[in-house]
Amino acid sequence: QVQLVESGGGLVQAGGSLRLSCAASGRTFSSYAMGWFRQTPGKEREFVAAISRSGGRSYYADSVKGRFTISRDNAKNTVILQMNSLKPEDTAIYYCAATIRDLRHGVNEYDYWGQGTQVTVSS
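These remarks concern the structure in this document. (Residues numbered from 1 in each chain as written. Predicted model: local features only at pLDDT ≥ 70, side-chain atom pairs only at ≥ 80, totals over all residues. Heavy atoms only, no water.)

### Some points on the side chain of Thr117
Tracing the sequence through the fold places Thr117 in strand S11 (residues 117–122). Classification of Thr117 by relative accessible area gives buried; the value is 11%. A distance of 3.3 Å separates a polar atom in the side chain of Thr117 from the backbone nitrogen of Gly9. (Helix = DSSP H or I, 4+ residues; strand = E, 2+ residues; numbered from the N terminus. Buried < 20%, exposed > 50% of the residue type's maximum accessible area, 1.4 Å probe, protein only. Polar contact = N/O pair within 3.5 Å; in protein donor to acceptor, adjacent residues only side chain to side chain.)

### Concerning the sheet that holds strand S1 (residues 4–7)
Strand order in the open sheet made by the four strands is S1-S3-S8-S7, with antiparallel pairing throughout. Each having just a single partner strand, S1 and strand S7 (68–73) make up the two edges of the open sheet. If you compare each strand with its neighbour and ignore which way they point, the axes differ by 15° on average. As defined by bridge partners, S7 adjoins strand S8 (residues 78–83) across six bridges and the pair is classed as antiparallel. The residue of S8 that forms the bridge with Thr69 is Gln82. (Pairing = 2+ DSSP bridges. Axes fitted to C-alpha atoms, helices over the stretch in contact; angles between N-to-C directions.)

### What to know about the pairing of strand S5 (residues 46–51)
If a strand is regular, its side chains alternate between the two faces of the sheet. Counting buried positions over the six residues of S5 gives five, a clear majority of the element. Two elements, strand S4 (residues 33–39) and S5, share five bridges in a ladder whose sense is antiparallel. Directly across from Trp36, in S5, lies its bridge partner Ala49. Bridge count between S5 and strand S6 (residues 58–60): three bridges; the pairing is antiparallel. In the sheet register, Ala50 faces S6, and the bridge partner there is Tyr59.

### Things to note about the pairing of S1
Residue alternation in S1 divides its side chains into a buried set, Leu4 and Glu6, and an unburied set, Val5 and Ser7. Pairing between S1 and strand S3 (residues 18–24): four bridges, direction antiparallel. What sits directly across from Ser7, in S3, is Ser21.

Remember, this is a structural readout, not a statement about activity or role.
Below is the structure:
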């Protein structure tokens, strides 16, 4: 069991940067691979980025590759999504998620979800 709380969302102009943070509770944080997903109205929740339990491996959706960076600090029970060169199409609610399995990028492969944080990119 783990509780996830996202923060750092907000309004930013196109081309700008934003840093999202996910704070996780529990002493077994390092046993979970973590991921970031996003969702807009009328669309399926889509994968953004994932990171392995140790932080040694990561995977990104093609749409954000080269612009976003996922990282984790297991000592602080925190996962970060650094978003640079933001585009209006990045506008969405961003969710932090945890999976008891190894590195995954499927929505249905994650076991725990945060409440989400809104990211809005203006043009």
